[in-house]
Amino acid sequence: MSAQGRFAETSEEVEVRKEDQDRINEFGVIHQKLADLAAERKAIEEVLMNIEDAEQEVMLAEDNDSFLVQLGSTYVRVGEDEFNEFIEKKRSELDEKMSNIRSEVDTLDKEKADLKATLYARFGSTINLED
Amino acid sequence: MASGAAATSGGGNAAKTYPFGLVEKRTERNIPMVTFISDVPEFMKQDGAELKNVMEALDGLYNELKALESRFVNMRQVHKMRIPEIEETISVVEFLQKKAEAGEDEPMITNFQLSASIFAEAKVNYNAGKVVLWLGASTAAELTFEEALDILKTNLKRKEDQLAQCEEDLQLTKKQVTTAEVCMARVYNNDVKERRAEAAAKAASGKAGDEEEE
């Protein structure tokens, strides 16, 4: 799980300065954060898919005019309109979370690439930054 | 449902100390801040700073940091699970509140869990405008929707703050782990370099039979 720069054992003489150490640390943190965000994103995508499935099922179930929706640890009987309202609310919440994650990932990706370029420029092949 | 105040004590053990000034200080929550060694050869000139001793100390520090890291990861998990629970509770209260405000008079029909895999149907009268909220410590209180939402949102906010704090500590710890790792590599590399230099010096001074170690 360690995503840090490791120095090859036969490291050529490139001095590690405090600022280099800080960059390496930052790189490790960003790497971890990106992994966390990817997991979060996947979880949200799953819920969104479930929502879509539910919507389709409801559309197909023409004979039914009420459905049980899980709310907290109970199920609530709702009519079709209420159901749609419920779904829309959920969806817009998730969409918002998703777009927040996306923009965070974009920023972090950029920062990570910058750090990588800087560190490789200084240490060349004596440092190994995991992807 | 315990409020789950973040345990910050560090398990009750006194803060470990490390030789050679490896730890410059500790944070409020007892995270050891690893000293950045700017000059390794100079660092190794300290009293008793032989490779074995320094590596041992670094190893101990590294292990403490790794343990701390996994504790923060677990704590974060706990917070992360609690937040959706509160959010769900809020959405239930809001659901009732909305129905009451819309002036609907049909009771809400709900299936609630009696025990594992048994559900019963209940009619919930939301027009009284009240819910009973579990407060913890074996206490529940009947509150208006507004009061209940108020409490729940305060709880949510607190949990989110705790999560953010935990996240911050985790990152700080991670940085210390990285610093310690890099430090180990540099101390080790420095040693290799010094041995090589010694061997080269010996070879140069005519003692050709000497073999180079490692």
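In this convention, every chain numbers its residues from 1, walking through the sequence in written order. Chains and ligands are labelled sequentially in the order written, the chains with letters from A and the ligands with numbers from 1. Residues qualify for local features only when their pLDDT is at least 70, as the model is predicted, and side-chain atom pairs are given and counted only at 80 or more; totals for whole chains, interfaces and linings, by contrast, use all residues. To get the side-chain values, all heavy atoms of the structure are used, and hydrogens and water are removed first.

In the nomenclature of an unreviewed UniProt entry, chain B is known as Prefoldin subunit 3 of Hondaea fermentalgiana. Looking at chain B in UniProt, the text filed under Subunit (unreviewed entry) is "Heterohexamer of two PFD-alpha type and four PFD-beta type subunits." Its UniProt record gives chain B the following Function (unreviewed entry) comment, quoted word for word: "Binds specifically to cytosolic chaperonin (c-CPN) and transfers target proteins to it. Binds to nascent polypeptide chain and promotes folding in an environment in which there are many competing pathways for nonnative proteins." UniProt positions are given in the numbering used here, feature names are shortened, and annotations may be inferred rather than shown by experiment.

Identification of chain A as Prefoldin subunit 4 from Hondaea fermentalgiana is taken from an unreviewed UniProt entry. In its Subunit (unreviewed entry) section, UniProt records this for chain A: "Heterohexamer of two PFD-alpha type and four PFD-beta type subunits." Per its UniProt entry, chain A bears the Sequence similarities (unreviewed entry) comment "Belongs to the prefoldin subunit beta family."

**Concerning the sheet that holds strand 3 (residues 108-115) of chain B**
With respect to topology, 4 strands assemble into an open sheet ordered 2(A)-3(A)-3(B)-4(B), the strand pairing being antiparallel. The sheet is open, and its two borders are formed by strand 2 (66-71) of chain A together with strand 4 (118-124) of chain B, each paired with just one other strand. Each strand axis lies, on average, 30 degrees off the axis of its neighbour in the sheet, ignoring direction. A pair of strands counts as paired when DSSP detects no fewer than two bridges linking them. Numbering of helices and strands runs from the N terminus; a helix is a DSSP stretch of H or I covering at least four residues, while a strand is a stretch of E covering at least two. As judged from the 3 bridges shared by strand 3 (residues 74-79) of chain A and strand 3 of chain B, these two strands associate in the antiparallel manner. Only the stretch in contact is used when fitting a helix axis, every axis being a line fitted to C-alpha atoms; angles between N-to-C directions are given from 0 to 180 degrees.

**Points about helix 2 (residues 51-101) of chain B**
Across its 51 residues, helix 2 of chain B extends 74 Å between first and last C-alpha, which sits within 8% of the 75 Å expected from 1.5 Å per residue. Following helix 2 of chain B by one or two positions, Gly103 of chain B adopts a phi angle in the positive range, close to 70 degrees. In a helix, the anticipated span is given by 1.5 Å times the number of residues less one.

**Remarks on the pairing of strand 5 (residues 130-136) of chain B**
Along any regular strand the residues' side chains alternate between the sheet's two faces. Residues and elements named next belong to chain B. Note that strand 5 and strand 6 (residues 139-144) share 6 bridges and pair antiparallel. Across the sheet, residue Leu133 finds its bridge partner in strand 6, namely Ala141. If you look at the hairpin formed by strand 5 and strand 6, you'll find 2 residues sitting between the two strands, and Ala137 has a positive phi there, around 55 degrees.

**Here we look at the packing of aromatic side chains**
Working definition: a ring pair exists when centres of Phe, Tyr or Trp rings (six-membered ring for Trp) sit within 6.5 Å. Plane angles under 30 degrees give stacked, over 60 give edge-to-face, the rest tilted. Under the defined criterion, the tally for this structure stands at 3 aromatic pairs over all chains. Between the aromatic rings of Phe67 of chain A and Phe83 of chain A, the centroid separation amounts to 5.7 Å while the plane-to-plane angle is 45 degrees, which identifies the pairing as tilted. Of this pair, Phe67 of chain A sits in strand 2 while Phe83 of chain A sits in helix 2 (residues 80-123), placing them 16 residues apart in sequence. Considering the side-chain rings of Tyr75 of chain A and Phe119 of chain B, the 5.2 Å spacing of their centres and the 75 degrees angle between planes classify their relative orientation as edge-to-face. With Tyr75 of chain A in strand 3 and Phe119 of chain B in strand 4, this residue pair bridges two chains. Accessible area is worked out with a 1.4 Å probe on protein chains only. A residue is then buried under 20% of its type maximum, exposed over 50%, and partly exposed in between. Taking relative accessible area as the criterion, Tyr75 of chain A reaches 26% and is therefore assigned partly exposed.

**Focus: helix 3 (residues 145-204) of chain B**
Here helix 3 of chain B is 60 residues long and its end C-alpha atoms lie 87 Å apart, about the 88 Å a rise of 1.5 Å per residue gives. In the stretch just after helix 3 of chain B, Gly206 of chain B is the one whose phi turns positive, near 100 degrees.

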